[in-house]
Amino acid sequence: MNTTWSDFLASREITTEAANPACALNDLSHFGLIQVEGEDAESFLQGQLTNDLRQVTENHSNLAGWCSAKGRMLANFRCFRRGDAYYLQTPQENLAGVIKRLGMVVLRAKVKISDASDELMRMGITGECAEPVLSPFIETLPEAVNGVAHQGPLSLIRLPGLTSRFEVVGPAEALIPLWETAQSQAVRMGDGFWALQEIHAGIPIIYQRTSEAFVPQMTNMQLIDGVSFTKGCYVGQEVVARMQYLGKLKRRMYLARVESETPPMPGDELFASGSTSGQGAGKVVDAQPRGNGYDLLAVIEVASAEEDKVTLGENGPKLTIENPPYPFAE
């Protein structure tokens, strides 16, 4: 981590007792940031990612999956631009492998791929104080989800959520004054709080434990500005398109709640006695503690979810299953 930023944060206490603060601050250094630049950056990424990079502009970000030839997501990203460079944000644990594998398919393209995690810091602000705190630093806040605004060295992305939620990107020297202003009104929270906001928003994150576990539609990526079906070819596109137009989606991602003595982990298997699939009833996408149990996103067989008899493991506790905060497209 950038030492200026890490030294600054070391003096700022993380609060774990405020489960649902009115306003929260998060350091987002647990995500890595990949910079893709060069004359062929756009066309290169168009051939790799599930979404249309032409729609990633100075004023709009999107989500995108990166698939194997079999259409299974190796990773997924939030994509945004600063100047002529594209940035792909993914969990730090994915970073080295993604950069290495992307580098292997550059071939003759005029593209440079690098780790920008120590150059551009990222912080999140969630809750009722978000817009008043940000307004002095970013003159015009983006109104739409996935919208982006820039001012000086700062970039601001409005994220989906049950309340106002933003990510701010910039060099440490520019983020520190913003953090110092916000901390008088907001509580610094740990990584789990931010992950819980993503879960409640129905936003999947692919970790190493779930790499190649899901086709994008299984995690609702097509419902949250994460897949384009008109952009043309990319790795795995044939499988993704076939599922959309010729197949019937038998698994999708749900919100769920479970009371368990052990924390559910990404990739953990789900069980349903009525399932006839050799692939099992489903898998956990992500989970975080809340109250006496855990909130999670899980990819579940539609038939098993409708029967409402899904458990965490064969002999584990039963899941309470809900739809995500957006409609399923039938």
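Going by the structure above, here's the rest.
The sections below set out a description of the structure shown in this document. Because the structure is a prediction, the values reported are computed rather than measured. (Residues numbered from 1 in each chain as written. Predicted model: local features only at pLDDT ≥ 70, side-chain atom pairs only at ≥ 80, totals over all residues. Heavy atoms only, no water.)

We now examine the pattern of salt bridges. Within the structure shown, the criterion is met by 11 salt bridges. Between Asp 268 and Arg 209 there is a salt bridge; the shortest N-O distance is 3.1 Å. With Asp 268 in the loop between strand S12 (251-258) and strand S13 (269-271) and Arg 209 in the loop between helix H6 (191-201) and helix H7 (237-245), this residue pair connects regions lying 59 residues apart in the sequence. Owing to a relative accessible area of 22%, Asp 268 belongs among the partly exposed residues under this scheme. (Salt bridge = Lys/Arg side-chain N within 4 Å of Asp/Glu carboxyl O. Helix = DSSP H or I, 4+ residues; strand = E, 2+ residues; numbered from the N terminus. Buried < 20%, exposed > 50% of the residue type's maximum accessible area, 1.4 Å probe, protein only.)

Further remarks concern the pairing of S12. In terms of burial, S12 is a largely internal element, seven of the eight residues being buried. As paired strands, S12 and strand S15 (residues 293-301) are joined by eight bridges and run antiparallel to one another. In the strand pairing of S15, Arg 251 is matched with Glu 301. As paired elements, S12 and strand S17 (residues 320-322) share three bridges and run antiparallel to each other. (Pairing = 2+ DSSP bridges.)

In this section: the sheet that holds strand S9 (residues 154-158). Spatially, S8-S9-S10-S7-S1-S11 is the arrangement adopted by the six strands of the open sheet, whose pairing is mixed. In the strand order of this sheet, the two ends are held by strand S8 (148-151) and strand S11 (187-188), each with one partner. Direction of pairing for S9 relative to strand S10 (residues 165-170): antiparallel, over a ladder of four bridges. Paired with Arg 158 across the strands is Phe 166, a residue of S10. Sitting on the sheet, helix H1 (residues 3-10) touches strand S1 (23-27), strand S7 (121-127) and S11, and the angle it makes with S7 is about 40°. Lying over the sheet, helix H5 (residues 172-182) contacts S1, S7, S9, S10 and S11, oriented at roughly 20° with respect to S7. (Contact = heavy atoms within 4.5 Å. Axes fitted to C-alpha atoms, helices over the stretch in contact; angles between N-to-C directions.)

Next up on the list: the packing of aromatic side chains. Scanning the entire structure with this criterion turns up six aromatic pairs. Here the aromatic rings of Trp 5 and Trp 179 are separated by 5.8 Å at their centres, their planes lie at 85°, and the arrangement is edge-to-face. On the criterion of sequence distance, the pair formed by Trp 5 in helix H1 and Trp 179 in helix H5 is long-range, its members being 174 residues apart. Judged by relative accessible area, which is 0%, Trp 5 ranks as buried. Ring plane angle 75° and centroid distance 5.6 Å describe the contact between Tyr 254 and Phe 328, whose orientation is recorded as edge-to-face. Placement of the pair is Tyr 254 in strand S12 and Phe 328 in the segment after S17, with a sequence separation of 74 residues. One exposure class covers both Tyr 254 and Phe 328, and it is buried. Above the ring of Tyr 86, the side-chain terminus of Arg 81 is found at 4.7 Å from the ring centroid. Across from the ring centre of Trp 194, 4.7 Å away, lies the NZ or CZ of Arg 165, which sits over that ring. (Phe/Tyr/Trp six-rings, centres within 6.5 Å; stacked < 30°, edge-to-face > 60°. Lys NZ or Arg CZ within 6 Å of the ring centre and 35° of its normal.)

Moving on, we get to the packing of H1 against H5. Contact geometry of H1 with H5 gives a least axis separation of 9 Å together with a crossing angle of 20°. When the axis of H1 is compared with that of H5, the two are roughly parallel. Judged by the sense of rotation from one axis to the other, the crossing of H1 with H5 is right-handed. Here H1 contributes Thr 4, Trp 5, Phe 8 and Leu 9 to the contact with H5, which in turn contributes Ala 172, Glu 173, Leu 175, Ile 176, Trp 179 and Glu 180. Per-class residue counts for the contact of H1 with H5 are seven nonpolar, one polar and two charged. (Parallel < 35°, antiparallel > 145°, perpendicular 65-115°, else oblique. Left-handed = near helix turned anticlockwise from the far one by under 90°. Nonpolar A, V, L, I, M, F, W, Y, C, P; charged D, E, K, R; others polar.)

For Leu 107, which is not glycine, the phi torsion reads 55° and is therefore positive. Structurally, Leu 107 can be placed in the loop between helix H3 (92-104) and strand S6 (112-115). Its relative accessible area of 74% is what places Leu 107 among the exposed residues. Of note in this structure, Asp 308 is not a glycine but carries a positive phi near 60°.

Our next topic: the side chain of His 200. On the secondary structure map, His 200 appears in helix H6. With residues near it in sequence (within four places) discarded, His 200 still touches Leu 162, Leu 255, Arg 290, Asp 295 and Pro 325.

Before going further, it helps to spend a moment on the sheet that holds S12. By way of backbone hydrogen bonds, the strands of a sheet pair with one another, either parallel or antiparallel. An order of S16-S13-S14-S15-S12-S17 is seen for the six strands of this open sheet, with the pairing classed as antiparallel. Of all the strands in the sheet, the pair left with one neighbour each is strand S16 (311-312) and S17. Its contacts with the sheet put H6 on S12, strand S14 (282-290) and S15, and the angle it makes with S14 is roughly 130°.

Bringing the state of the cysteines into the picture now. For the structure on display, the rule yields one disulfide. Each disulfide pairs two cysteine sulfurs, and for Cys 23 the partner residue is Cys 129, the sulfurs being separated by 1.9 Å. Its torsion about the S-S bond being -70°, the disulfide of Cys 23 and Cys 129 is classed as left-handed. One end of the pair, Cys 23, is in strand S1; the other, Cys 129, is in the loop between S7 and helix H4 (130-134), with 106 residues separating them in the sequence. The same class applies to Cys 23 and to Cys 129, which are both buried. With no disulfide of its own, Cys 67 lies 12 Å from the sulfur of Cys 79, the closest cysteine sulfur. The thiol of Cys 233 is unpaired, and the distance to the nearest cysteine sulfur, on Cys 67, comes to 13 Å. (Disulfide = S-S within 2.5 Å.)

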